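# Chains, contacts and geometry: an overview
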Amino acid sequence: MKYTDTAIVFSEFPNEISLAINISNCPCHCIGCHSAYLANDIGSELNKDVLKELIIKNDGITCVGFMGGDASPSIVNELAEFVKDEFPKLKTGWYSGRDFLSDKIDIDNFNFIKLGPFIPEHGPLNNKNTNQRFYKIIDGNLIDSTNLFWKKKV
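Everything in this summary refers to the structure shown in the same document.

What counts and how
- Residues numbered from 1 in each chain as written.
- Predicted model: local features only at pLDDT ≥ 70, side-chain atom pairs only at ≥ 80, totals over all residues.
- Heavy atoms only, no water.
- Helix = DSSP H or I, 4+ residues; strand = E, 2+ residues; numbered from the N terminus.
- Expected span 1.5 Å × (residues − 1).
- Buried < 20%, exposed > 50% of the residue type's maximum accessible area, 1.4 Å probe, protein only.
- Contact = heavy atoms within 4.5 Å.
- Core = buried A, V, L, I, M, F, W, Y, C linked by side-chain atoms within 4.5 Å.
- Patch = residues over 30% accessible without salt bridge, like charges linked within 9 Å, V, L, I, M, F, W, Y side chains within 5 Å.
- Areas by Shrake-Rupley, 256 points an atom, 1.4 Å probe, with all protein chains shown as cover.
- Salt bridge = Lys/Arg side-chain N within 4 Å of Asp/Glu carboxyl O.

Each turn of an α-helix holds 3.6 residues, which means side chains three or four residues apart point in the same direction. With 14 residues, helix α2 (residues 73-86) extends 20 Å from end C-alpha to end C-alpha; this agrees with the ideal 20 Å at 1.5 Å per step. Here α2 has its buried residues at P73, V76, N77, L79, A80, F82 and V83. Contact partners of the buried residues in α2: β2 (18-23), α1 (48-57), β4 (63-67) and β5 (91-95).

Next up, the structure:
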């Protein structure tokens with residue numbers, strides 16, 4: 001599994017300072033994808049050693065987010081488990097473009113999971129008409145928390 005780049009983000013996982021790792025070779029090919037370049041087989045290998053280095057380099061993060069990886073859910077799961085074991089104070093999240101959770105994913109390795117392809121007429125997570133769902137994992141259950149992305153009227 002390869003990654004192209006990383007960023008420190010504040011909105012992908014609510015209330016977290018997240019290291020977002022953009023994973024390439026996405027098989028979903030969503031029309032209108034904001035990161036269409038991630039469909040290409042590009043970047044560098046993402047393994048436990050590289051992940052550990054990225055985490056150490058980004059002191060102050062509270063979450064590691066795997067952005068994609070639908071071609072290799074078992075590796076995403078393995079890396080999330082590694083984060084949980086090696087950095088127990090960090091939370092983990094996965095953004096999948098699939099409508100369903102892969103059977104290769106153990107939700108106990110995650111705090112957050114986003115499911116669903118981007119469909120332009122439904123919009124992203126911050127659109128109340130979105131088809132995408134954002135879940136918090138609580139006691140081994142997927143709790144729909146998509147509404148955390150919706151702006152509240154003041």
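Ranked by size, the top nonpolar core spans 27 residues in total, and within it I21, L46, L51, I55, V64 and F66 carry the most contacts. Secondary-structure elements contributing two or more residues to this core are β2, α1, β4, α2, β6 (112-115) and β7 (133-138). Leave out the neighbours within four places in its chain, and L51 touches I21, L46, V64, F66, L79, F82 and V83. Counting residues in hydrophobic clusters, the runner-up holds 10 residues, among them V9, A20, M67 and F149.

Next up on the list: a nonpolar patch on the surface. Together, I8, F10 and I17 make up an exposed nonpolar region whose accessible area comes to about 270 Å². Along the chain, the position of I17 falls in the loop between β1 (2-9) and β2. By relative accessible area, which is 33% here, I17 ends up partly exposed.

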